[in-house]
Amino acid sequence: MASAITTLAADAPTLSAANTGFMLICSALVMLMTPGLAFFYGGMVRVKSSLNMLMMSFISLGIVTILWVLYGFSLAFGTDSGSLIGWNSDYVGLSGIGITELWDGYTIPVYVFAVFQLMFAVITPALISGALADRVKFSAWTLFTVLWVTVVYFPVAHWVWGAGGWLFELGVIDFAGGTAVHINAGAAALGVILVIGKRVGFKKDPMRPHSLPLVMLGAGLLWFGWFGFNAGSWLGNDDGVGAVMFVNTQVATAAAMLAWLLYEKLRHGSFTTLGAASGAVAGLVAITPSGGSCSPLGAIAIGAIAGLLCAMAVGLKYKFGYDDSLDVVGVHLVGGVVGSLLVGFFATGGVQSDAAGLFYGGGLEQLGKQAIGVFSVLAYSLVASAVLAFLLDKTIGMRVSEDDEVSGIDQVEHAETAYDFSGAGGGSSSRSTAAPVPAAAASKKVDA
């Protein structure tokens, strides 16, 4: 975030209607990313799990919003305590904030900064859910979300972006969430799946996406919303840095998509729509921490490297035997690591800060800082998330039963199915006076 690397102006800022309006629009764009993620993930699973996948993203909009207002914003962005966590009683319930009170050093109200950061907090646990498709109780997932954002996300957000946070003070560059969002979520996903185990039929049964059009729709919404995610993280439009980030977001995403497709063609002989969507997301992930420090040519390189490495990484689950259902580890963890470390090579020293990478005469100093940020967040999130999953698994149980998993988690957990074909047919059959098909029977046909 901009607050981690800029120097406060000598003159006290005044409220800017233009920047405030821009940031409200960016907040709405980031909010749209969570439904976009739901479609992206929902299309990638089998039909019998699609509603559950949608709900695992949507529930985050409810849970995290309330927690953020109650105490999350205070923990993440309140007054620093020991470089590890924040707290400000005025932020509890957002009750002690004046409507025109400005975020320190900026021209937007605290309320606007709070709601923008809220949308980051919402999507981060939703990202984890893709790794757990088909097999987790919805009640256990909701409780895990409550615990995870409290124990992991809020503290890590303070480390990276909060004034006084230890990674903030170290000078780690994370423009919009490579560590706090993507590495955090990807490492958490790995920690949880190592605890809960594989899906029934992993490596044996076909587990192909049931709706590639939904996947492409979700990827398109993510790409669109990501402009708010990235360009908005400068918290204003006064000096052109947000514009550079906007351009780099587009450029890196395009390069990553093309690199992924080229890898697919050379390795498997086909250009797939799933590969195009996944490559685009890999580019978006990688440019998130790095796009405010590099040139457009650097963004092309970062996107291409991330697209290639993430395409290679998604196959590791078959080699090492961990069941990352929708490649959260391969795309978000690997993409976040790649993008964060490449700051140490491609930072020009002339965009968001004067920190320069190896290719621009800055030596290895910034790369070292980036590595500390990457691996500290990775280790903390991995271990803490695994511990939380273990405790929940041993108390309330994280997984549905094997029979329920096979029959379909949508019907078991939500008493619904994604598609109702009972009225399909047309012609005279649609006017038949025969008794309607029972809902349970219809669901069996759909979930088969």
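Use the structure listed above.
These figures come from a predicted structure and were not determined experimentally. (Residues numbered from 1 in each chain as written. Predicted model: local features only at pLDDT ≥ 70, side-chain atom pairs only at ≥ 80, totals over all residues. Heavy atoms only, no water.)

A. Local environment of a nonpolar patch on the surface. On the surface, Ile305, Leu308, Leu309 and Met312 cluster together into a nonpolar patch covering about 300 Å² of accessible area. The topology assignment puts Leu309 in helix α10 (residues 296-313). (Patch = residues over 30% accessible without salt bridge, like charges linked within 9 Å, V, L, I, M, F, W, Y side chains within 5 Å. Areas by Shrake-Rupley, 256 points an atom, 1.4 Å probe, with all protein chains shown as cover. Salt bridge = Lys/Arg side-chain N within 4 Å of Asp/Glu carboxyl O. Helix = DSSP H or I, 4+ residues; strand = E, 2+ residues; numbered from the N terminus.)

B. Examining helix α6 (residues 178-196) more closely. For α6, built from 19 residues, the straight-helix expectation of 27 Å at 1.5 Å per residue is met to within 8% by its first-to-last C-alpha distance of 26 Å. Just past α6, the residue Gly197 takes up positive phi, approximately 85°. (Expected span 1.5 Å × (residues − 1).)

C. Here's a closer look at the side chain of Thr288. Relative to the elements of secondary structure, Thr288 occurs in helix α9 (residues 273-290). If we ignore the near neighbours within four places in the chain, the residues touching Thr288 are Phe175, Ala176, Gly177, Gly178, His182, Trp226, Phe229, Asn230 and Met245. (Contact = heavy atoms within 4.5 Å.)

D. Structural view of the pattern of salt bridges. Overall, the coordinates contain six salt bridges when judged by the stated rule. Linking Glu365 and Lys369 is a salt bridge whose minimum nitrogen-to-oxygen distance equals 3.5 Å. Taken together, the positions of Glu365 and Lys369, both in helix α13 (residues 365-395) and four residues apart, correspond to about one turn of that helix. Three or more residues joined by partner-sharing salt bridges are found here, namely Arg46, Asp134, Arg199 and Asp323.

E. Main features of helix α12 (residues 328-346). Helix length check: α12, at 19 residues, gives a terminal C-alpha distance of 25 Å against a target of 27 Å (1.5 Å per residue), a fit within 8%. Extensive coverage of α12 is indicated by the burial of 16 of its 19 residues. (Buried < 20%, exposed > 50% of the residue type's maximum accessible area, 1.4 Å probe, protein only.)

F. Representation of the packing of aromatic side chains. Tallying each qualifying case throughout the model produces 26 aromatic pairs. A centroid spacing of 4.2 Å and a plane angle of 15° characterise the contact between Phe120 and Phe229, whose relative ring orientation is stacked. Of this pair, Phe120 sits in helix α3 (residues 110-129) while Phe229 sits in helix α7 (residues 212-231); the two residues are 109 residues apart in sequence, bridging distant segments of the chain. Assigned by exposure class, Phe120 and Phe229 land together as buried. Members of the aromatic cluster, connected to one another through ring pairs, are Trp68, Tyr71, Phe73, Phe77, Tyr91, Trp103, Phe113, Trp148, Tyr153 and Phe154. (Phe/Tyr/Trp six-rings, centres within 6.5 Å; stacked < 30°, edge-to-face > 60°.)

G. View of the environment of Leu132. Relative to the helices and strands, Leu132 resides in the loop between α3 and α4 (138-161). For the pair Leu132 and Val200, spaced 68 residues apart in the sequence, the C-alpha separation amounts to 12 Å. Look past the residues within four positions of Leu132 in its chain and what remains in contact with it is Met56, Trp141, Val192, Ile193, Ile196 and Ser325.

All we've got here are geometric facts, nothing functional implied.
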